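# Commentary on secondary and tertiary structure
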Amino acid sequence: MKIGIFYELQLPRPWAADSELKLFQNSLDQVELADRLGLDYVWAVEHHFLEEYAHSSAPEVFLAACSQRTRHIRLGHGVVLTPPGYNHPARVAERIATLDLVSNGRVDFGSGESSSEAELGGFGIVRGDKRAMWQEGLEAACRMMAEEPFLGHSGQYFKMPVRNVVPKPVQKPHPPVWVACSRRETIHLAARLGLGALSFTFMSPDEARQWVDDYYTTLDNEAEPLAAAVNPNLAIVTGFMCDRDPARARSAAEEGLRFFAYALGHYYLFGRHEPARTDIWSNYRANPLSLPIIDGATSCVGTPDQVRNSLRAFENAGIDQVVLVSQAGNTRHEDICASLELMAREVMPEFKERDAERTRAKAERMAPIIERAMKRKPAPKTASDGSTTIQAGGLP
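## Considering the overall build of the chain
If you tally the helices and strands in the chain, you get 12 helices and 11 strands. For 396 residues, the compact-globule formula gives about 21 Å, and the C-alpha radius of gyration of the chain, at 21 Å, lands near that figure. Counting every position in the chain, which comprises 396 residues, the buried fraction comes to 54%. Counting contacts in the chain only where the partners sit at least 6 residues apart, residues at least 24 apart contribute 77% of the total. Accessible area for the chain stands at about 17200 Å²; split by element, carbon and sulfur atoms hold 52% of it. Here the chain carries 44 positive and 51 negative side-chain charges, and the mean point of each set is 2 Å from the other.

## Description of the pairing of strand β7 (residues 177-181)
Extensive coverage of β7 is indicated by the burial of 4 of its 5 residues. In this structure, strand β4 (residues 107-112) lies alongside β7, joined through 3 bridges in parallel fashion. Across the sheet, Phe-109 pairs through a bridge with Val-177, a residue of β7. Crossover β7 to strand β8 (residues 196-199) through helix α6 (residues 184-192) is right-handed.

## Here's the deal with a nonpolar patch on the surface
Among the surface-exposed residues, Leu-101, Val-102 and Val-170 lie close enough to one another that they form a single nonpolar patch of about 220 Å² accessible area. By the element assignment, Val-102 lies in helix α3 (residues 89-102).

## Comments concerning α3
Counted at 1.5 Å a residue, the expected span for α3 with its 14 residues is 20 Å, and the 20 Å between its end C-alpha atoms agrees. All of the buried residues along α3 are Pro-89, Ala-90, Val-92, Ala-93, Ile-96, Ala-97, Leu-99 and Asp-100. Close packing links the buried residues of α3 with α2 (59-69), β3 (74-81), β4, α5 (130-146) and β6 (159-160). Phi turns positive, to about 60°, at Asn-104, one or two residues after α3.

## Focus: the packing of α2 against α3
Packing of α2 against α3 leaves a shortest axis separation of 9 Å and a crossing angle of 10°. As far as their axial angle goes, α3 and α2 are roughly parallel. Of the residues in α3, those in contact with Glu-60, Leu-63, Ala-64, Ser-67 and Gln-68 of α2 are Arg-95, Leu-99 and Val-102.

## Focus: the packing of aromatic side chains
Applying the stated criterion across every chain, the model contains 16 aromatic pairs. Over the ring of Trp-15 we find Arg-13; its NZ or CZ atom is 4.1 Å from the centre of that ring. Directly above the ring of Phe-351 sits Arg-354, whose terminal nitrogen or CZ lies 5.0 Å from the centroid.

## Quick look at the environment of Asn-104
The topology assignment puts Asn-104 in the loop between α3 and β4. Along the sequence, Asn-104 and Gly-329 sit 225 residues apart, while their C-alpha atoms lie 33 Å from each other.

## Considerations on unusual backbone geometry
Backbone torsion omega between Glu-148 and Pro-149 reads 5°, so that peptide bond is classified as cis. As for its position among the elements, Pro-149 is in the loop between α5 and β5 (153-154). With an omega dihedral of 0°, the bond running from Lys-172 to Pro-173 counts as a cis peptide bond. Along the chain, Pro-173 turns up in the loop between β6 and β7. The backbone of Phe-49 sits at a positive phi, close to 70°, despite the residue not being glycine. In this fold, Phe-49 is placed in the loop between β2 (41-44) and α2. Residue class for Phe-49 comes out partly exposed when judged on its relative accessible area of 46%. Here Ser-114, not a glycine, exhibits a phi torsion of approximately 70°, which is positive. Given a relative accessible area of 11%, Ser-114 falls into the buried group.

## Overview of the packing of helix α1 (residues 19-37) against α2
Put simply, α1 and α2 touch, their axes get as near as 9 Å, and they point 45° apart. The angle between α1 and α2 places the two elements in the oblique class. α2 is crossed by α1, and the crossing has right-handed handedness. On the side of α1, the interface is formed by Phe-24, Gln-25, Ser-27, Leu-28, Asp-29, Val-31 and Glu-32, while α2 contributes Phe-62, Ala-65, Cys-66 and Arg-69.

## With respect to α1
In an α-helix, one full turn covers 3.6 residues, which means residues spaced three or four apart are oriented alike. Compared with the 27 Å implied by 1.5 Å per residue over 19 residues, the 27 Å span of α1 between its first and last C-alpha is a close match. Those residues of α1 that sit buried are Ser-19, Leu-23, Ser-27, Leu-28, Gln-30, Val-31, Leu-33, Ala-34 and Asp-35. Two residues or fewer after α1 comes Gly-38, characterised by a positive phi angle close to 95°.

## Observations regarding the layout of surface pockets
Roughly 640 Å³ of internal volume is contained in the second largest pocket. In this structure, the second largest pocket is lined by 28 residues; those nearest its centre are Pro-232, Asn-233, Asp-320, Thr-359 and Lys-362. Top contributing element to the lining of the second largest pocket by residue count: helix α12 (residues 348-375), with 8 residues. Broken down by class, the residue content of the lining of the second largest pocket amounts to 14 nonpolar, 6 polar and 8 charged.

What counts as what
- Throughout this document, residue positions are counted from 1 along each chain, in the order its sequence is written.
- Only residues with pLDDT of at least 70 are given local features in this predicted model, and only at 80 or more are side-chain atom pairs given and counted; all residues enter the totals for whole chains, interfaces and linings.
- By convention in this description, side-chain values take in all heavy atoms of the structure and omit both hydrogens and water.
- Secondary structure elements follow DSSP: runs of H or I no shorter than four residues count as helices, runs of E no shorter than two count as strands, and numbering proceeds from the N terminus.
- Put simply, the radius of gyration uses C-alpha atoms, and a globule should come to 2.2 Å times the residue count raised to 0.38.
- Here's how the labels work: a residue is buried when its accessible area is under 20% of the maximum for its type, exposed when over 50%, partly exposed in between, all with a 1.4 Å probe on protein chains only.
- Contacts between residues were defined by any pair of non-hydrogen atoms, one from each residue, lying within 4.5 Å.
- For every accessible area listed, the method is Shrake-Rupley and the probe measures 1.4 Å; residues are considered covered only by the protein chains on display.
- Charge assignment in this entry is limited to Lys and Arg as positive and Asp and Glu as negative, and neither His nor the chain termini are counted.
- We put the charge of a Lys on NZ, of an Arg on CZ, of an Asp on CG and of a Glu on CD.
- A pair of strands is treated as paired once DSSP finds two or more bridges between them.
- A right-handed crossover is one whose linking path, passing over the helix from the first strand to the second, runs clockwise when the strands point away from the viewer.
- Excluding any residue in a salt bridge, patches collect residues exceeding 30% relative accessible area, merging like charges within 9 Å and nonpolar Val, Leu, Ile, Met, Phe, Trp and Tyr side chains within 5 Å.
- We count a salt bridge whenever a side-chain nitrogen from Lys or Arg sits within 4 Å of a carboxyl oxygen from Asp or Glu.
- Helix span, expected: 1.5 Å multiplied by one less than the number of residues in the helix.
- Fitted lines through C-alpha atoms give the axes, limited to the stretch in contact for helices. The angle between two N-to-C directions lies from 0 to 180 degrees.
- For this classification, under 35 degrees means roughly parallel, over 145 means roughly antiparallel, 65 to 115 means roughly perpendicular, and everything else is oblique.
- Think of it this way: a Phe, Tyr or Trp ring, Trp meaning its six-membered ring, pairs with another when their centres are within 6.5 Å, and the plane angle makes it stacked under 30 degrees, edge-to-face over 60, tilted otherwise.
- For a ring to carry a charge above it, either NZ of a lysine or CZ of an arginine must fall within 6 Å of the ring centroid while also lying within 35 degrees of the normal to the ring plane.
- Left-handed describes a crossing whose near helix is turned anticlockwise from the far helix through less than a right angle; right-handed describes the clockwise counterpart.
- Buriedness of a pocket was judged along seven lines, with at least five required to meet protein on both sides within 12 Å; pockets are open sets of points on a 1 Å grid over the protein atoms alone, cavities are sets where a 1.4 Å probe fits but cannot get out, and lining residues have an atom within 4 Å of a point.
- Grid points are joined across faces, edges and corners, and a volume is the space filled by probe spheres set on the points.
- Just so you know the grouping, Ala, Val, Leu, Ile, Met, Phe, Trp, Tyr, Cys and Pro go in nonpolar, Asp, Glu, Lys and Arg go in charged, and all remaining residues, Gly too, go in polar.

Rendered as structure tokens:
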């Protein structure tokens, strides 16, 4: 099983003039450390306007900076918003391919649609259309990386003539493609489309096992791949802090992870937000919610033995990657680094040892399933006029 780290780039108020600078520089230092320690992935979100909860509005820039400070860790978009109202598919394809080139082929292409009103309303996206927009934009971006030239697209949400979208990525036909999942419904959707499932639901190993079973059953029986390759993997996000003293581990993690959950609820469930005025951190301190985000069954918070047991439970449930959240709220940079170092030294080696053989065995098991799925892949919707020649022009 692979192990990753996750960044919303959270920044509770109050803010000083250099708060965002310190946030980004500390996060880059943490990723560089994670690479040296041998962690497998770093994931960065794309969110817009979600003050305090997520200051990661340009993950392609953050991950590009990570690429030049690391050598081995994979760079995961968790996620790119692919509805064309957020990002034109050609720009998505160009950025993913460029990041793959500058990182020497280390990109994973996570995709999503978003659901907060702050983001949807800010970009004028109709909530009822966002799922269809996500799928149309994602399919086109994948085609642009694989086709030479891209044969055009005429759809409901965007149109584009024949063009050769350059550069092309190192990984062929394109980097592994994932979709953000928060409900069982989207796990089925990921499997039906042959995409990796990147779950942002904090779940127990027993719940994870049900999602794993659903995913692979659907993939085997129903998959009609959206992309040019199938990515049959499941990853889950969970809270993390490792310390020899269990009370100290919980104390270091608790406030940050509870703020993570509170701020999520503020933007997605119960909050009323006035841009640049609402103080989510103060509201949280006045009304802290008791949320099970760091319970032993759903998190990796505790001693090395406790973290090891939690990771083993997820591994036994069939999860391919556990993505650890510790950059949350005001969790101290020093605590995050010390936690990663202890986990990497005392917990991670056994998972590294098993991963190569598990990956090989899974590839053999999945090969016939993927072959059958690719035969069911529908033909792409190309441009309707068939024109492939561009008449030069533009100078006065």
